[in-house]
Amino acid sequence: MWGGRFAEGPSAVMREINASIPFDKRLWRQDIAASKAHVAMLGAQKIVAAEDVRAISDGLDRIAAEYEEGGVPEELALEDIHMHVESRLKELIGPAAGRLHTARSRNDQVATDFRLWVRDAIDAVDAGLAAFQCALIARAEEHADTVMPGFTHLQVAQPVTLGHHLLAYVEMIRRDRSRFTDARARMNESPLGAAALAGTSFPLDRDATAAALGFDRPMANSLDAVSDRDFALDYLMAATQCSLHLSRLAEEIIIWASQPYGFVALPDAYSTGSSIMPQKRNPDAAELVRGHSGRITGCLTSLMMTMKGLPLAYSKDMQDDKPPVFEAHDLLALSIAAMTGMIETIAFRPERMRAAAAGGFSTATDLADWLVRVANVPFREAHEITGKAVRAAEQKGCYLWELDLADLQAIDPRINASIFDVLSVEASVASRTSFGGTAPSEVRVRIADARRLLEKQP
């Protein structure tokens, strides 16, 4: 492929280190689509004869059918997917295949193919995340009234509802989807026609190729077009953030499934056993999702380090841009599918959650709020009074609502019998009716909103 410049071929080591076909063969659909758009434009601009355009386009269709049926062959001497396609095209149609590369470099070719692939990857991830949101919303509706402990510092803080807890992840995923959407919009410009780095003297119609490939416009600077990998970094940044959210929920499932908690029973389909301990049911799917987040973060770091010191325009280092993106995408898609399946099938144990919610004097804040609202006590004073009540309950070994009225009035005489209307965990969650609060009534309103947003989000 190097023509007359080199008298000798590359060494075996050079062929191996230089070849990218083992991983960039993933781009074959995008490479053929971009080639068809390019040759159609060359024909429309009278740069390539119509009969050659037809032969090339038909040949590309035949190659696509071959790859679809039998996969992409790997010949290290041909280096990459672009040369594999061109070589096979020459076998099929002869010398006319050489006209396909007119006014095009592998630099703008790979930049175009890779953008198309990442764009498709974003669409696939978004569909998976939408399904995950649907699963979370369905379980949140099922458990809008289910009381569970809310934690800070992994200590029981205030009672909340399981529905409210699950909706928090719906919000996180909504932001994740918006990041992918933003990345997609920002990257949707076509590098095709930038050639090696300086553009070309051929009268190209870059608007036509951009439109044919679904891009909004051609990129405005040929140097930027071939050297930019911001779109890949944007994808990895969004994937990393998303994986962190999945990892947080995976960690909670792992904790909830442990015997001291017992908040959930893991489904067989997303659990494993032990080779030596027959009683074990291990949350391996959740643990692997948690682990995948570290690998995805590593993929982002890898590409950032590759790009950080590269001068304009193209350098061979950029051949290493694709493996971390491909790996991150595979891991993220698998993680989303695993988390969706777990949420759909996991068995929650409301009685265990309710019992845990009652511990840790979780309704202490309700006592303080009652003192402010009913007895007109400044909050800082109410906080101190409540602390004394908690200490009294701790000394008696009982819940706050099990204290006698006399015990409470000995701490502060302004307390009356109506305090017992707010001290149960059910009363506590029911009272949190502020916008975005945990009250079942508010949770149901937010579920309806979440469904409406899900229908609107592209």
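Per chain, residues are indexed from 1 in the order of the written sequence. Restriction of local features to residues with pLDDT of at least 70 applies here, the model being predicted, together with a cutoff of 80 or more for giving and counting side-chain atom pairs; totals for whole chains, interfaces and linings are based on all residues. In computing side-chain properties, one takes all heavy atoms of the structure into account and sets aside hydrogens as well as water.

K.L.:
Help me understand the overall build of the chain in this model?
P.N.:
The numbering of helices and of strands both runs from the N terminus, where a helix is a DSSP run of H or I of at least 4 residues and a strand a run of E of at least 2. If you tally the helices and strands in the chain, you get 18 helices and six strands. A compact globule built from 458 residues should have a C-alpha radius of gyration of about 23 Å, whereas the chain, at 30 Å, is more than 25% larger. When its C-alpha atoms are laid out on the principal axes, the chain stretches across 100 × 55 × 40 Å. Only protein chains enter the accessibility calculation, which uses a 1.4 Å probe; a residue is then buried when its area is under 20% of its type maximum, exposed when over 50%, and partly exposed in between. Within the chain, buried positions represent 50% of all 458 residues. Within the chain, counting contacts between residues at least 6 apart in sequence, those at least 24 apart form 76% of the total. Note on areas: Shrake-Rupley, 1.4 Å probe, and residue coverage restricted to the protein chains presented here. Carbon and sulfur atoms provide 53% of the accessible area of the chain, an area that totals close to 21400 Å². Just to be clear, the radius of gyration here is over C-alpha atoms, and the globule rule we use is 2.2 Å times residues to the power 0.38. Any two residues having at least one pair of non-hydrogen atoms within 4.5 Å are treated as being in contact.

K.L.:
Help me understand unusual backbone geometry in this model?
P.N.:
As a rule of thumb, non-glycine residues mostly have phi less than zero, and peptide bonds are mostly trans rather than cis. Residue alanine 313 follows leucine 312 across a cis peptide bond; omega there is 5 degrees. Its place among the elements puts alanine 313 in the loop between α11 (284-307) and α12 (322-345). Phi at alanine 103 takes a positive value of approximately 60 degrees, unusual for a residue other than glycine. Checked against the element boundaries, alanine 103 lands in the loop between α5 (81-93) and α6 (106-142).

K.L.:
What is the right way to look at helix α14 (residues 364-373) in this model?
P.N.:
Note on helix geometry: an α-helix contains 3.6 residues per turn, so any two residues three or four positions apart are oriented the same way. Those residues of α14 lying buried are Ala364, Asp366, Leu367, Ala368, Trp370 and Leu371. On the buried face of α14, the contacting elements are α15 (379-396) and α17 (425-431).

K.L.:
Quick question: what am I supposed to make of the pairing of strand β2 (residues 155-161) here?
P.N.:
Moving residue by residue along a regular strand, the side chains alternate between the two faces of the sheet. Of the strand pairs in this sheet, strand β1 (residues 147-152) and β2 are connected by six bridges, and their pairing is antiparallel. Its bridge partner being in β2, glycine 150 is matched across the sheet by glutamine 158. For two strands to count as paired, DSSP must find a minimum of two bridges between them. Connecting β1 to the next strand, β2, in antiparallel fashion are two residues, including histidine 153 with a positive phi near 55 degrees.

K.L.:
How do you make sense of the nonpolar core when you look at a structure like this?
P.N.:
In summary, soluble globular proteins display a tendency toward joint burial of nonpolar side chains. Phe180, Tyr235 and Leu332 are the most contacted members of the largest nonpolar core, which has 94 residues in total. Tallying contributions element by element places helix α10 (residues 230-257) first for this core, with 16 residues. Not counting the four nearest positions on each side in its chain, leucine 332 is found in contact with Val125, Phe180, Tyr235, Ala239, Cys242, Ser243, Leu246 and Ile296. Put simply, a nonpolar core is a bunch of buried Ala, Val, Leu, Ile, Met, Phe, Trp, Tyr and Cys residues held in one set by side-chain atoms that sit within 4.5 Å of each other.

K.L.:
Explain the environment of glycine 98 to me, please; I cannot follow it from the model alone.
P.N.:
Counting through the fold element by element, glycine 98 comes out in the loop between α5 and α6. Spatially, the C-alpha atom of glycine 98 lies 7.7 Å from that of glutamate 86, the residues being 12 residues apart in sequence.

K.L.:
What am I meant to see in the pattern of salt bridges here?
P.N.:
Side chains carrying opposite charge are able to pair once their charged atoms draw close together. Any carboxyl oxygen of Asp or Glu within 4 Å of a side-chain nitrogen of Lys or Arg constitutes a salt bridge here. The full count for this structure, using the stated rule, is 35 salt bridges. Its salt-bridge partner being arginine 88, residue glutamate 91 comes within 2.9 Å of it at the nearest N-O pair. With glutamate 91 and arginine 88 both in helix α5 and three residues apart, the pair spans about one turn of that helix. What makes glutamate 91 exposed here is its relative accessible area of 57%. The residue arginine 432 makes a salt bridge to aspartate 366 at a minimum N-O spacing of 2.8 Å. Of the two residues, arginine 432 sits in the loop between α17 and α18 (440-456) while aspartate 366 sits in helix α14, which places them 66 residues apart along the sequence. Considered together, arginine 432 and aspartate 366 belong to a single accessibility category, that of buried residues.

K.L.:
How should I be thinking about the state of the cysteines in this particular structure?
P.N.:
Any two cysteine sulfur atoms lying within 2.5 Å of each other are counted as a disulfide. Throughout the structure, instances matching the rule amount to zero disulfides. The structure places no disulfide on cysteine 134, whose sulfur is separated from the nearest cysteine sulfur, that of cysteine 242, by 15 Å. Overall, cysteine 134 belongs to the partly exposed group, its relative accessible area being 42%. Here cysteine 299 stays unpaired: no disulfide links it, and the sulfur of cysteine 242, its closest cysteine neighbor, is 14 Å away.

K.L.:
Please clarify how the packing of α6 against helix α7 (residues 162-187) should be interpreted in this entry.
P.N.:
How two helices sit against one another is set out by the angle between their axes and by the gap between those axes. Running from amino to carboxyl end, α6 crosses α7 at an angle of 165 degrees, the nearest separation of the two axes being 9 Å. Overall, the two elements α6 and α7 adopt an arrangement that is roughly antiparallel. Relative to α7, α6 is oriented so that their crossing is left-handed. Note on residue classes: Ala, Val, Leu, Ile, Met, Phe, Trp, Tyr, Cys and Pro are nonpolar, Asp, Glu, Lys and Arg are charged, and everything else, Gly too, is polar. Among the residues forming the contact of α6 with α7, the class breakdown is 17 nonpolar, two polar and nine charged. The convention used is that axes are lines fitted to C-alpha atoms, helices contributing only their stretch in contact, and that angles between N-to-C directions extend from 0 to 180 degrees. Oblique is the label for every angle not falling under 35 degrees (roughly parallel), over 145 degrees (roughly antiparallel), or within 65 to 115 degrees (roughly perpendicular). The crossing is said to be left-handed when, going from far helix to near helix, the turn is anticlockwise and less than a right angle, and right-handed when the turn is clockwise.

K.L.:
Quick question: what am I supposed to make of the side chain of histidine 82 here?
P.N.:
Within the fold, histidine 82 resides in helix α5. Looking at histidine 82, its side chain comes within polar contact range of the side chain of aspartate 31, at 2.7 Å. Sequence-distant contacts of histidine 82, defined by excluding residues within four places in its chain, comprise Asp31, Arg106, Gln109, Val110 and Asp113. Polar contacts here mean pairs of N or O atoms no more than 3.5 Å apart (in protein, one a potential hydrogen donor and the other a potential acceptor; neighbouring residues in sequence count only if both atoms are side-chain atoms).

K.L.:
What exactly am I supposed to notice about the packing of aromatic side chains here?
P.N.:
The geometry of an aromatic ring pair comes down to the distance between the two centres and the angle between the two planes. Stacked, edge-to-face and tilted labels apply to pairs of Phe, Tyr and Trp rings (six-membered ring for Trp) whose centres lie within 6.5 Å, assigned for plane angles under 30 degrees, over 60, and everything in between, in that order. Taken as a whole and judged by the stated rule, the model has nine aromatic pairs. Summarising the aromatic geometry, the rings of tryptophan 256 and phenylalanine 263 are spaced 6.4 Å apart at their centres and angled 45 degrees between planes, so their arrangement reads as tilted. Since its relative accessible area comes to 4%, tryptophan 256 is described here as buried. We classify phenylalanine 263 as buried; its relative accessible area is 1%. Between tyrosine 399 and tryptophan 401, the ring centres sit 4.6 Å apart and the planes meet at 10 degrees, which makes this aromatic pair stacked. For tyrosine 399, a relative accessible area of 34% gives the class partly exposed.

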